Amino acid sequence: KMTQQMRDLQLAQARKPPGPSSPNAAKRLYRNLSGKFRVNYTSFDEGSLVGRGEKEKLRKSYLFQSNAALFEAVELQDLDRVQELLKQYSPEELDLNTPNSEGLLPLDIAIMTNNAPIARALLQAGAKESPHFVSLESRSLHLSTLVREAEQRVNELTAQVVNEAPNADCSEKEKQLKAWEWRYRLYKRMKAGFEHARVPDAPTNVHLSVASSSSVQVTFWEPLSVNSAVVTKYKGKNWVCLPSSQGTAYYVQVSAYNMKGWGPPQASMPPFAIPSNWREYDGRAPRRRGQAEALDHLLGQVKTVHQHCVCHEPCKNQPQSRKHSVSKSLKHLFHPGSKFLKTLKR
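Keep in mind the model is a prediction, meaning the values are calculated, not measured.

Reading the values: the criteria
Residue numbers here run from 1 along each chain, matching the order of that chain's written sequence. Restriction of local features to residues with pLDDT of at least 70 applies here, the model being predicted, together with a cutoff of 80 or more for giving and counting side-chain atom pairs; totals for whole chains, interfaces and linings are based on all residues. Excluded from the side-chain calculation are hydrogens and water; included are all heavy atoms of the structure. Strands here mean DSSP runs of E at least two residues long; helices mean DSSP runs of H or I at least four residues long; both are numbered from the N terminus. Throughout this description, buried means an accessible area under 20% of the type-specific maximum (1.4 Å probe, protein chains only), exposed means over 50%, and partly exposed covers the range between. In this analysis, two residues are considered to be in contact whenever any of their non-hydrogen atoms come within 4.5 Å of each other. Throughout, the Shrake-Rupley method with a 1.4 Å probe supplies accessible areas, and for residues the shown protein chains are the sole cover considered. Residues forming no salt bridge and having over 30% relative accessible area are the ones grouped into patches, like charges within 9 Å of each other and nonpolar side chains (Val, Leu, Ile, Met, Phe, Trp, Tyr) within 5 Å. Note on definitions: salt bridges are taken to be side-chain nitrogens of Lys or Arg within 4 Å of carboxyl oxygens of Asp or Glu. Axis lines are fitted through C-alpha atoms, for helices just across the contact stretch, and the angle between N-to-C directions can take any value from 0 to 180 degrees. For this classification, under 35 degrees means roughly parallel, over 145 means roughly antiparallel, 65 to 115 means roughly perpendicular, and everything else is oblique. Residue polarity follows a fixed list, in which Ala, Val, Leu, Ile, Met, Phe, Trp, Tyr, Cys and Pro are nonpolar, Asp, Glu, Lys and Arg are charged, and the others, Gly among them, are polar. Whenever two N or O atoms come within 3.5 Å, that pair is a polar contact, provided that in protein one can donate a hydrogen and the other can accept it, and provided that, for residues adjacent in sequence, both atoms are side-chain atoms. Here, nonpolar core refers to any group of buried Ala, Val, Leu, Ile, Met, Phe, Trp, Tyr and Cys residues whose side-chain atoms link them within 4.5 Å. Picture the helix axis, draw a direction to every C-beta atom, and the arc is the one those directions span.

Student: Please clarify how the overall build of the protein chain should be interpreted in this entry.
Tutor: Secondary structure summary: the protein chain contains twelve helices and six strands in total. When the 346 residues of the protein chain are sorted by exposure, 24% land in the buried category. Here the contacts in the protein chain between residues at least 6 apart in sequence split such that 61% fall between residues at least 24 apart. If you sum the accessible surface of the protein chain, you get close to 25900 Å²; carbon and sulfur atoms cover 56% of it.

Student: Which parts of the structure should I look at to understand a nonpolar patch on the surface?
Tutor: On the surface, a nonpolar cluster with roughly 210 Å² of combined accessible area is contributed by Val218, Phe220 and Tyr234. The topology assignment puts Tyr234 in strand β3 (residues 233-240). Tyr234 sits in the partly exposed class, given a relative accessible area of 30%.

Student: Whenever I open this one, the packing of helix α3 (residues 79-88) against helix α6 (residues 116-124) confuses me. Can you help?
Tutor: If you want to describe how two helices pack, look at the angle between their axes and the distance between the axes. It is at 10 Å that the axes of α3 and α6 come closest, and there the two elements cross at 5 degrees. Between α3 and α6, the angle is such that the two are roughly parallel. Where α3 abuts α6, its residues Leu79, Val82 and Leu86 lie against Pro117, Ile118, Ala121 and Leu122. In the contact of α3 with α6, the residues fall into seven nonpolar, no polar and no charged.

Student: Sorry, what's going on with unusual backbone geometry here?
Tutor: Most peptide bonds adopt trans geometry, and most residues besides glycine take a negative phi value. The omega torsion of the bond from Met269 to Pro270 falls at -5 degrees, within 30 degrees of zero and hence cis. With a phi close to 60 degrees, Gln77 is a non-glycine residue in the positive phi region. With respect to the element layout, Gln77 can be found in the loop between α2 (23-75) and α3. Despite not being glycine, Asn205 has its phi angle at roughly 50 degrees, a positive value. By secondary structure assignment, the location of Asn205 is in strand β1 (residues 204-212). Look at Asn205 and you get partly exposed, because its relative accessible area is 47%.

Student: Just checking my understanding: could you explain the side chain of Arg139 for this structure?
Tutor: Residue position: Arg139 is located in helix α7 (residues 136-163). Here Arg139 falls in the buried class, since its relative accessible area comes to 3%. Among the polar contacts made by the side chain of Arg139, one reaches the side chain of Glu129 at a distance of 3.0 Å. Here Arg139 is in contact with Asp108, Ile111, Met112, Glu129, Phe133, Phe194 and Met259, once residues within four sequence places are set aside.

Student: Any chance you could explain the nonpolar core here in plain terms?
Tutor: One recurring pattern in soluble globular proteins is that nonpolar side chains are buried together. If you look at the biggest cluster of nonpolar residues, it comprises 40 residues, and the most contacted ones within it are Val74, Val82, Leu104, Met112, Leu122, Tyr187 and Met190. The leading source of residues in this core is α7, at seven residues.

Student: What is the right way to read α6 from this model?
Tutor: Every α-helical turn comprises 3.6 residues, leaving residues that sit three or four positions apart pointing alike. Every buried residue belonging to α6 is among Ile118, Ala119, Ala121 and Leu122, and all of these are buried. Along α6, the residues classed as buried sweep out an arc of 160 degrees about the axis, all on the same side. Two or three places before Ile118, at the start of α6, stands the capping residue Asn115, its side-chain oxygen 3.3 Å from that residue's backbone nitrogen. Phi turns positive, to about 100 degrees, at Gly126, one or two residues after α6.

Next comes the structure, spelled out in structure tokens:
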């Protein structure tokens with residue numbers, strides 16, 4: 001029997017999972033496991049970094065494609081597509097004010113093709129004109145260069161297509177030729193739009209009104225232009241008349257601007273305005289003058305009387321009256337006995 005128990009004990013020990021036989025063995029096991037887990041964590045972090053890098057590349061590529069799509073929509077004069085892209089992306093994501101390889105911005109293409117609806121949509125989104133066009137001469141020279149380079153490219157591709165035998169490479173050259181022919185026509189249209197444009201007319205219905213005792217308000221309509229380019233900004237010129245007894249008079253003129261320059265100014269109607277309010281104009285005293293002082297005086301009187309009020313005296317301890325026990329049972333209230341009637345007070 002003793003031998004059988006020893007055998008059972010040996011079998012039970014054999015079934016146990018092997019564990020560290022000493023504290024040092026446990027420490028070695030912990031170090032090994034920690035090292036394995038550290039390797040796994042490191043590889044996981046590196047994978048995450050690689051994943052984030054790939055995502056950033058994909059995002060930039062996607063935004064670049066959206067920017068190219070916006071240029072294409074403006075060049076094709078597709079207003080619906082332009083509005084869709086402006087609604088889907090922010091101006092920063094679309095790179096509205098970063099020139100492309102030709103030194104052009106979407107707004108430049110819109111105004112030089114005289115597409116007012118697309119130009120207005122871009123202006124509302126915060127689009128600006130290219131900073132390269134600092135003068136009329138620089139814009140004209142840039143457009144002439146684009147037209148000349150596109151024409152040279154078309155002539156080169158035409159010669160290659162005509163002289164080469166039909167093959168896959170020739171088919172690709174034909175696609176490039178069609179693309180450059182279309183771009184050549186676009187640049188010629190932009191150049192002609194710039195050459196035929198003139199400075200804008202003066203704004204109409206310029207109205208000047210008093211907004212407050214320290215400001216005036218100016219409203220106006222767009223110029224009634226026929227052959228003028230799209231207006232991209234306005235400016236107001238004002239000057240001050242010497243102050244009089246009624247106040248300072250402000251005179252205002254408004255001018256419009258397009259790619260050909262500033263148009264003539266238009267004076268406002270009425271010709272001047274004096275910031276004021278009706279009390280100052282009539283010479284009346286403010287309706288609430290002295291009310292704050294009167295309220296402060298009244299509040300001081302109330303505080304003085306309240307300090308001598310008897311309610312601030314310490315309350316004397318009132319003798320506690322004998323507590324009456326009141327039954328909270330509803331059954332007691334509806335008991336038919338005479339005891340309830342005798343003790344009923346209310």
